[in-house]
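# Structural characterization, general
If you want the building blocks of each chain, they are given just below.
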Amino acid sequence: MTYPGRRTPRHAAAALMAALLAGCGGGDGGDSATAAPAATTPPVITPIMPPVTPPVTTPVTQSIDPLFPYQWHLQNTGQDTLSSIRPTAGIDLNLDSLHAAGVRGAGVRVAVIDSGLDIEHEDLKANVVAGGSINFVSGSSDPTPSDTGPDHGTAVAGIVAARGWNGVGGRGVAPESTLQGFNLIAAQNVANYLASLGAAPQSANVDVFNLSIGEDVTDLEPLSRNDIDTVETLFGVTRSGRGGLYIKASGNGFSRMEKIDCSAAQQRGVSCDNAAFDWTNNLAGVTTVGAVNAAGVRASYSTPGASLWIAGLGGEYGRHRDQAPGLIDIAYQPAILTTDLSGCDKGYHRNADPAINALDVATSSLDPLCRYTNGFNGTSAATPSVAGVVAMMLQINPALTQREVDYLLATTARRIDYPGTPVHHEGLAIDDAWVLNAANRAFSNAYGFGLVDARAAVDAALTAKRLAPAQRTNWLASQSSAPEPIPYRDGANGRGQIPISVSENLSVEHVQVAFSTTHRDPGKLRVTLISPSGTRSILLWPFSSLKPLTDTTTAGFSADLMRSNAFLDEKSQGTWRLEVIDVSAPSGTSTAQFTNWSLRIAGR
């Protein structure tokens with residue numbers, strides 16, 4: 001089954017993106033719950049606003065998808081979901097009335113860029129675009145995996161677009177959107193990467209790109225400004241210049257990462273992983289997604305970070321004590337029910353595997369042919385829940401640009417677990433929980449702007465006003481004549497801070513940051529971006545997975561690209577400050593220095 005936090009590192013990622021950069025100018029990165037994936041690269045948007053398309057209402061019968069009652073993420077009344085612990089009523093996507101009104105993603109193409117896609121699956125086949133998929137291993141248009149292991153991509157696809165009201169299985173968030181599969185994970189190279197994300201005839205007309213893929217990171221790869229700009233513009237032609245929606249998983253490394261010691265983070269209640277460590281999450285145009293469980297709080301594995309935009313529903317482990325006794329309580333919270341590779345000798349639900357609940361068990365009366373699983377989870381599951389909502393928004397208003405979709409998601413999201421509980425280490429905040437910025441926008445590193453609300457987002461899409469044209473500052477560099485000593489645990493009176501003055505007066509959408517230090521152990525650093533209005537956003541917290549620097553050729557820890565979304569709708573004009581603090585020793589001044597930094601602000 002899917003175990004959040006146990007992501008297979010994408011060893012080919014750095015080489016893949018290095019080659020991409022060598023040929024086109026780019027970077028490296030990605031995220032996945034059980035598979036070994038690749039990276040994402042979103043576009044710069046040229047707004048185009050054709051007429052709004054109203055939904056077509058067709059009859060809906062609610063009772064003929066036999067597994068729908070267990071899909072709490074679609075409709076949650078606190079019902080039995082086959083796990084020992086029931087979901088908290090009301091924690092769902094708020095979309096049932098949309099389906100009844102005919103808003104189901106019709107006419108919107110969704111690409112599942114992943115490990116594969118079972119295109120003959122009984123609950124997916126009707127929505128699969130004929131000839132629209134690519135198997136990069138065989139060269140065919142059928143990306144169905146040939147092995148018998150779990151297929152991450154088929155499970156992801158079912159969350160987006162399992163067909164509804166057809167008498168089998170359950171249904172997807174956008175059950176009339178269409179699916180295209182690209183098994184990039186199985187064959188990672190530059191050509192396949194580009195083909196998956198809009199450069200091939202099969203992907204050129206895709207509207208939404210689901211990227212439940214990534215890697216575990218212990219050090220940050222260097223990127224040039226040209227690399228960043230090239231990747232950000234690479235997919236600007238998608239959706240006829242309106243920008244494809246690149247919906248990206250943040251990661252599953254809150255408490256566990258593959259072959260990484262996360263004990264220091266676990267002891268202090270902070271995440272081992274950081275969404276910013278996957279550089280693609282920091283690019284303009286990427287919508288980074290965290291996960292919420294059926295209790296309405298951050299899922300136990302979900303990777304936080306200032307680059308998160310929104311949260312979807314990812315669940316927990318879906319075990320039942322009758323089938324899987326003796327586990328910790330979190331294992332018995334609901335997972336996500338979705339499609340699986342067809343057959344009892346393959347996929348997640350195999351007769352040979354240990355039982356976990358009444359569906360994922362040998363000779364299950366609920367799923368005797370083993371075509372579904374009720375144990376899928378992770379930000380890999382949360383991401384397609386958001387992708388499905390985006391598909392419904394685009395059905396209602398296909399004219400929306402990528403920026404406009406993101407803005408509507410942010411401004412309609414549900415605040416959950418609010419105001420949250422900050423985490424402190426010896427009196428120093430290392431996780432601020434929810435922060436209310438000067439524009440009255442609430443933001444959390446764990447949830448972004450909150451849990452996606454399908455009804456509110458679609459309603460907003462129907463009446464949306466066009467955002468003012470995108471504007472972006474140049475990269476603005478600090479002008480300090482001397483480096484700033486990095487203080488120990490004390491940033492009072494501006495210690496550890498370097499200012500940058502911004503003259504442009506934009507309404508902020510996001511801020512990108514780069515910085516350099518001579519510090520050699522990033523696991524001891526807290527890095528905070530402070531706006532002219534005084535809003536603080538923690539970009540880097542201590543006790544993370546980043547390992548100490550060991551090579552003697554590197555001056556110290558640096559980051560060429562991080563991003564914060566916490567300043568949405570604040571004004572950019574004024575003095576921005578970046579603060580770097582060492583949390584590891586008593587008060588005093590470190591021998592390490594904060595040497596310089598730069599920022600770029602995107603807005604309107």
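Scroll up to find the structure this text is about.
Just so you know, these numbers come straight off a predicted model, no measurement behind them. (Residues numbered from 1 in each chain as written. Predicted model: local features only at pLDDT ≥ 70, side-chain atom pairs only at ≥ 80, totals over all residues. Heavy atoms only, no water.)

## A short note on the sheet that holds strand E2 (residues 178–182)
Whether parallel or antiparallel, the strands of a sheet pair through hydrogen bonds between backbone atoms. Defined as follows: A pair of strands is treated as paired once DSSP finds two or more bridges between them. In this description a helix means any DSSP run of H or I spanning at least four residues, a strand means any run of E spanning at least two, and both kinds are numbered starting from the N terminus. Fitted lines through C-alpha atoms give the axes, limited to the stretch in contact for helices. The angle between two N-to-C directions lies from 0 to 180 degrees. Contacts are assigned to residue pairs that have any heavy atoms within 4.5 Å of one another.
The sheet built from six strands is open, its strands ordered E2-E1-E3-E4-E5-E6 with parallel pairing. At either margin of the open sheet sits one strand with a lone partner, and together these are E2 and strand E6 (308–313). Adjacent strand axes in the sheet meet at a mean angle of 30°, parallel and antiparallel pairs treated alike. Both strand E1 (residues 109–113) and strand E3 (residues 208–211) contribute to a ladder of three bridges, which runs parallel. Opposite Val112, over in E3, you have Asn210 as the bridge partner. This element, helix H3 (residues 152–161), spans E1, E2 and E3 of the sheet and lies at about 160° to E1. Sheet contacts for helix H7 (residues 379–396): E1, E3, strand E4 (245–249), strand E5 (286–292) and E6; angle to E4, the most-contacted strand, approximately 160°.

## Considering the packing of helix H8 (residues 402–412) against helix H9 (residues 454–462)
Convention followed: Note on angle classes: values under 35 degrees are labelled roughly parallel, values over 145 roughly antiparallel, values of 65 to 115 roughly perpendicular, and the remainder oblique. The handedness criterion is simple: a crossing whose near helix is rotated anticlockwise from the far helix by less than a right angle is left-handed, and one whose near helix is rotated clockwise is right-handed.
Contact geometry for H8 and H9: axes closest at 9 Å, N-to-C directions at 130°. What the angle tells us is that H8 and H9 run oblique. Relative to H9, the crossing made by H8 is right-handed. Contacts from Leu408, Leu409 and Thr412 of H8 reach H9 at Ala456, Ala457, Ala460 and Ala461.

## Examining the nonpolar core
Note the following rule: The nonpolar core is taken to be a set of buried Ala, Val, Leu, Ile, Met, Phe, Trp, Tyr and Cys residues, with the residues joined through side-chain atoms within 4.5 Å. Exposed residues in this analysis have more than 50% of their type's maximum accessible area, buried residues have under 20%, and partly exposed residues fall in between, with area computed by a 1.4 Å probe over protein chains only.
If you look at the biggest cluster of nonpolar residues, it comprises 78 residues, and the most contacted ones within it are Val208, Val389, Val390, Met392, Met393 and Leu409. Tallying contributions element by element places H7 first for this core, with eleven residues. Ignoring sequence-local partners within four residues, the contact set of Leu409 consists of Thr287, Trp309, Ile310, Val386, Val389, Val390, Met393, Val452 and Ala457. Of all hydrophobic cores here, the second largest spans 30 residues; its members include Val217, Ile500, Val502 and Val527.

## Re the packing of aromatic side chains
Inclusion rule: Side-chain rings of Phe, Tyr and Trp, where Trp is taken by its six-membered ring, are said to pair if the distance between their centres is within 6.5 Å; with planes under 30 degrees apart they count as stacked, over 60 as edge-to-face, and otherwise as tilted.
In total, this model carries eight aromatic pairs according to the counting rule given. Seen in terms of ring centroids, Trp309 and Phe449 are 4.9 Å apart; in terms of plane orientation they differ by 70°. Their pairing is edge-to-face. Placement of the pair is Trp309 in strand E6 and Phe449 in the loop between strand E12 (442–444) and H9, with a sequence separation of 140 residues. Here Trp309 falls in the buried class, since its relative accessible area comes to 3%. The buried category is assigned to Phe449, whose relative accessible area is 4%. Note on Tyr418 and Trp434: the rings are 5.5 Å apart at their centroids and 65° apart in plane angle, and the pair reads as edge-to-face. One end of the pair, Tyr418, is in the loop between H8 and strand E9 (423–425); the other, Trp434, is in strand E11 (residues 434–436), with 16 residues separating them in the sequence. Looking at Trp434, the relative accessible area reads 9%, which means it is buried. Taken together, the aromatic side chains of Trp309, Phe443 and Phe449 make up a single cluster linked through ring pairs.

## Focus: the environment of Ala482
Tracing the backbone shows Ala482 in the loop between strand E14 (476–477) and strand E15 (484–488). Here Ala482 falls in the partly exposed class, since its relative accessible area comes to 46%. Counting along the chain gives 113 residues from Ala482 to Thr595, while the straight-line C-alpha distance between them is 7.5 Å.

## A word on the pairing of strand E10 (residues 428–431)
The two faces of a sheet get side chains in turn, since along a regular strand they alternate between them. Sheet topology places E9 next to E10; three bridges connect them, and they run antiparallel. Bridging from a neighbouring strand, Val423 pairs with Asp431 of E10.

## Let's talk about the side chain of Glu509
The cut-off we apply is this: Pairs of N or O atoms within 3.5 Å make up the polar contacts considered here, provided that, within protein, one atom can donate a hydrogen while the other can accept it, and that residues adjacent in sequence are counted only when both atoms are side-chain atoms.
Structurally, the position occupied by Glu509 is in strand E17 (residues 508–517). We classify Glu509 as buried; its relative accessible area is 9%. Here the side chain of Glu509 touches Arg403 through a polar contact of 2.7 Å, side chain to side chain. Residues in contact with Glu509, not counting those within four places in the same chain, are Trp309, Arg403, Leu467, Asn565, Leu568, Ala602, Gly603 and Arg604.

## Remarks on the pattern of salt bridges
Condition: We count a salt bridge whenever a side-chain nitrogen from Lys or Arg sits within 4 Å of a carboxyl oxygen from Asp or Glu.
As enumerated under the stated definition, the model contains 20 salt bridges in all. Salt-bridge contacts for Asp459 lead to Arg455; the nearest nitrogen and oxygen are separated by 2.8 Å. A residue pair is termed a helical-turn pair when its members lie 3 or 4 positions apart in one helix, as Asp459 and Arg455 do in helix H9 at four residues. Bridged by salt links that share partners, the residues Arg403, Arg441, Glu509, Asp569 and Arg604 form one connected network.

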